[in-house]
Amino acid sequence: MPKVRFFRLICTIGRFSTALGLLSVFLSGCVKPKECSEIPYLEYRSAEISGRIAPTGDTVPVLDLTFYFQDGDGDIGTDGNETVLFFALQEKLNDSLYEQVYAVDDTGGRFAIEYQYMLRPIEAVTSNGAVYGTMTWRMEEFADIAREFDGHTIRFAIWLFDRKKQKSNVIHSEDILLSDYRF
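Note that the structure is a prediction, hence the values are computed from the model and not measured.

**Q** Hey, could you run me through the overall build of the protein in this one?
**A** Helices and strands together make up the secondary structure of the protein, namely two helices and 11 strands. Reading the secondary structure of the protein in the N-to-C direction produces α-β-β-β-β-β-β-β-β-α-β-β-β. Looking at the protein residue by residue over its 183 residues, the buried ones come to 34%. Summarising the internal contacts of the protein: among those between residues at least 6 apart in sequence, 68% fall at separations of at least 24. Looking at the protein as shown, the accessible area adds up to about 11500 Å², and 55% of this sits on carbon and sulfur atoms.

Written out as structure tokens, the structure reads:
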């Protein structure tokens, strides 16, 4: 092969490589925003028990529950006085069976033990208005639960509603064995 042809071949390969490189850079700049359903979605991440100093000076247990969330139209949270984030207490009966925990009121009526919270609106993270990320929610009421269910294994069912009243999927925390959570 003569030297001229060999040089032309190398130049052609170099131009082709450059063109492919430029094309890949151009296409990587055209990444679409994350597509999410308009119905909120949750994934459980973790639970962490720690202590906090109460106004009385005692150290009491608190529970931090972390979960991933996403919503395609970004309408999670409310400016009103609505409760939109829910945690329902469940007790473990055996290896795979959990039961909703109920309390009894003064009239003998039973009601599910659910913790309800307001959640402020979350700012959109994409150009199409979607919101997603992780959230850690601190349950200050955990000291009462730990005292009442000492020696039992519990978990929490977690869900939320967006401003259109669309309910997310229900996720569950890991099992939490309550044993001497007195710091």
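**Q** What's the story with the side chain of D71 in this structure? I'm lost.
**A** In this structure, D71 sits in strand β2 (residues 59-71). No salt bridge is formed by the buried D71; its nearest oppositely charged neighbour, R163, is found at 7.1 Å. A polar contact of 3.2 Å, which involves the side chain of D71, links it to the backbone nitrogen of G74. Discounting chain neighbours no more than four positions away, the residues touching D71 are C36, S37, E38, I39, P40, I76, A130, V131 and D162.

**Q** Sorry if this is basic, but what is going on with the side chain of T78 here?
**A** Position of T78 among the secondary structure elements: in the loop between β2 and β3 (85-94). Note on T78: relative accessible area 5%, which makes it buried. Side-chain polar atoms of T78 contact the side chain of E82, separated by 3.5 Å. The contact partners of T78, leaving out residues within four places of it in the chain, are V84, L119, R120, P121 and R163.

**Q** What exactly am I supposed to notice about the sheet that holds strand β8 (residues 131-139) here?
**A** Where strands meet in a sheet, backbone hydrogen bonds hold them as pairs that are either parallel or antiparallel. Strands sit in the order β1-β2-β8 across an open sheet of three strands; the sheet is antiparallel. Single-partner strands in this sheet number two, and they are β1 (41-53) and β8. On average, each strand axis in the sheet is tilted by 15° relative to the strand beside it, whichever way the strands run. The pairing of β1 with β2 spans 12 bridges and is classified as antiparallel. What sits directly across from S46, in β2, is T66.

**Q** Looking at this structure, how should I read the packing of aromatic side chains?
**A** For any pair of aromatic rings, the description consists of the separation of the ring centres together with the inter-plane angle of the planes. Using the criterion set out here, one finds four aromatic pairs in the structure. Plain terms: the ring middles of F86 and F161 are 5.8 Å apart, the flat faces sit at 85° to each other, and that makes the pair edge-to-face. One end of the pair, F86, is in strand β3; the other, F161, is in the loop between β9 (153-160) and β10 (171-172), with 75 residues separating them in the sequence. Judged by its relative accessible area of 9%, F86 falls in the buried class. Judged by centre distance (5.1 Å) and plane angle (55°), the ring pair of Y117 and W137 falls under tilted. Taken together, the residues Y117 in strand β7 (residues 114-117) and W137 in strand β8 connect sequence positions 20 residues apart.

**Q** Would you explain the nonpolar core in this entry?
**A** Within soluble globular proteins, side chains that are nonpolar generally end up buried alongside one another. Ranked by internal contacts, the top residues of the largest apolar core, which has 30 residues, are F67, F87, M139, I145, I154 and F156. For this core, the elements supplying multiple residues, two or more each, are β2, β3, β7, β8, α2 (142-148) and β9. Leaving out residues up to four positions away in the same chain, I145 has contacts with L89, Y115, M139, I154, F156 and L178.

**Q** Even after reading the chapter, I still don't get the environment of M135, so can you show me in this structure?
**A** Inspection of the secondary structure assignment puts M135 in strand β8. A relative accessible area of 9% means that M135 is categorised as buried. A C-alpha to C-alpha distance of 9.8 Å links M135 and D64, two positions 71 residues apart in sequence. Filtering out sequence-adjacent residues up to four positions away, M135 remains in contact with L65, T66, F67, F69, L85, L119 and I122.

Procedures and definitions
Residues numbered from 1 in each chain as written. Predicted model: local features only at pLDDT ≥ 70, side-chain atom pairs only at ≥ 80, totals over all residues. Heavy atoms only, no water. Helix = DSSP H or I, 4+ residues; strand = E, 2+ residues; numbered from the N terminus. Buried < 20%, exposed > 50% of the residue type's maximum accessible area, 1.4 Å probe, protein only. Contact = heavy atoms within 4.5 Å. Areas by Shrake-Rupley, 256 points an atom, 1.4 Å probe, with all protein chains shown as cover. Lys, Arg positive; Asp, Glu negative; His and termini not counted. Salt bridge = Lys/Arg side-chain N within 4 Å of Asp/Glu carboxyl O. Polar contact = N/O pair within 3.5 Å; in protein donor to acceptor, adjacent residues only side chain to side chain. Pairing = 2+ DSSP bridges. Axes fitted to C-alpha atoms, helices over the stretch in contact; angles between N-to-C directions. Phe/Tyr/Trp six-rings, centres within 6.5 Å; stacked < 30°, edge-to-face > 60°. Core = buried A, V, L, I, M, F, W, Y, C linked by side-chain atoms within 4.5 Å.

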